Amino acid sequence: MSGAAIVLMWEARAVEGRGGELLEWARARSAELSREPARREVLRAPQDRVLVMTWWPDASYGDDLPELPEPDAALITRAVHRWRFEAVG
């Protein structure tokens, strides 16, 4: 699947009441990636969840792409969820 855009999704749930802190943490970490993605979106949802999506054109599923790290365990309620998708036109 070469030549497609790969979209990385990173989702975490903050400890209750710390959603704003997790959102700012995710914004800062996404700005520090080792390479700049073609597109980046940072979103939030109920239950203090934060989602970061990055688009990497001309990538394959197995490529080594920059991803956000795990936040400090005291900031989140569970391990981060990560997915890779291929963008389709």
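This structure is a prediction, so every number in the text was calculated from the model and none was measured.

Student: So what exactly am I meant to see when it comes to helix α1 (residues 19–31) here?
Tutor: End to end, α1 covers 18 Å across 13 residues, agreeing with the expected 18 Å (1.5 Å per residue, within 8%). Along α1, the residues that are buried comprise Gly19, Leu22, Leu23, Trp25, Ala26 and Ser30. Down the axis of α1, the buried set is contained in an arc of 165°. They therefore lie on one face. Next to the buried residues of α1 lie β1 (4–13), β2 (39–45) and β3 (49–59).

Student: Would you mind showing me how to read empty space enclosed by the protein here?
Tutor: Rolling a probe over the atoms, with the probe sized like a water molecule, indicates the empty space that remains. With the rule as written, the count across this model stands at one cavity of 30 Å³ or more. A volume near 50 Å³ is recorded for the largest cavity. Considering the residues around the largest cavity, the lining is formed by Leu8, Met9, Trp10, Val52, Thr54, Pro66, Glu67, Leu68 and Arg82. Mapped onto the lining of the largest cavity, the elements with two or more residues apiece are β1 and β3. Of the residues forming the lining of the largest cavity, the biggest block, three residues, is contributed by β1. Of the residues assigned to the lining of the largest cavity, the class counts are six nonpolar, one polar and two charged.

Student: Please clarify how the nonpolar core should be interpreted in this entry.
Tutor: One recurring pattern in soluble globular proteins is that nonpolar side chains are buried together. Core analysis: the largest hydrophobic core is formed by 19 residues, its most contacted members being Trp10, Leu22, Trp25, Ala26 and Leu68. Those elements giving two or more residues to this core turn out to be β1, α1 and β3. Other than its neighbours up to four places away in sequence, Trp10 contacts Leu22, Trp25, Ala26, Val50, Leu51, Val52, Leu68, Pro69, Pro71, Val80, His81 and Arg82. Counting five residues, the second-largest nonpolar core is a separate cluster that includes Val7, Met9, Leu51 and Trp55.

Student: Quick question: what am I supposed to make of unusual backbone geometry here?
Tutor: Trans is the common state for peptide bonds, and a negative phi is the common state for residues other than glycine. One non-glycine residue, Gln47, lies in the positive phi region at around 65°. Secondary-structure assignment places Gln47 in the loop between β2 and β3. With a phi close to 55°, Asp48 is a non-glycine residue in the positive phi region. Residue placement: Asp48 occurs in the loop between β2 and β3. The partly exposed category is assigned to Asp48, whose relative accessible area is 24%.

Student: Even after reading the chapter, I still don't get the sheet that holds strand β4 (residues 81–86), so can you show me in this structure?
Tutor: Within a beta sheet, neighbouring strands are joined by backbone hydrogen bonds and run either parallel or antiparallel to one another. Pairing is antiparallel in the open sheet, where four strands are placed in the order β2-β3-β1-β4. The outermost strands of the open sheet, each flanked by one partner alone, are β2 and β4. When the angles between neighbouring strand axes are averaged without regard to direction, this sheet yields 20°. One ladder, built from nine bridges, connects β1 with β3; its direction is antiparallel. Residue Trp10 lies in a different strand from β3, and its bridge partner there is Val52.

What counts as what
Residues numbered from 1 in each chain as written. Predicted model: local features only at pLDDT ≥ 70, side-chain atom pairs only at ≥ 80, totals over all residues. Heavy atoms only, no water. Helix = DSSP H or I, 4+ residues; strand = E, 2+ residues; numbered from the N terminus. Expected span 1.5 Å × (residues − 1). Buried < 20%, exposed > 50% of the residue type's maximum accessible area, 1.4 Å probe, protein only. Arc of directions from axis to C-beta. Contact = heavy atoms within 4.5 Å. 1 Å grid on protein atoms, 1.4 Å probe; cavity = no way out; pocket = protein on both sides within 12 Å on 5 of 7 lines; lining within 4 Å. Points joined across faces, edges and corners; volume = space filled by probe spheres on them. Nonpolar A, V, L, I, M, F, W, Y, C, P; charged D, E, K, R; others polar. Core = buried A, V, L, I, M, F, W, Y, C linked by side-chain atoms within 4.5 Å. Pairing = 2+ DSSP bridges. Axes fitted to C-alpha atoms, helices over the stretch in contact; angles between N-to-C directions.

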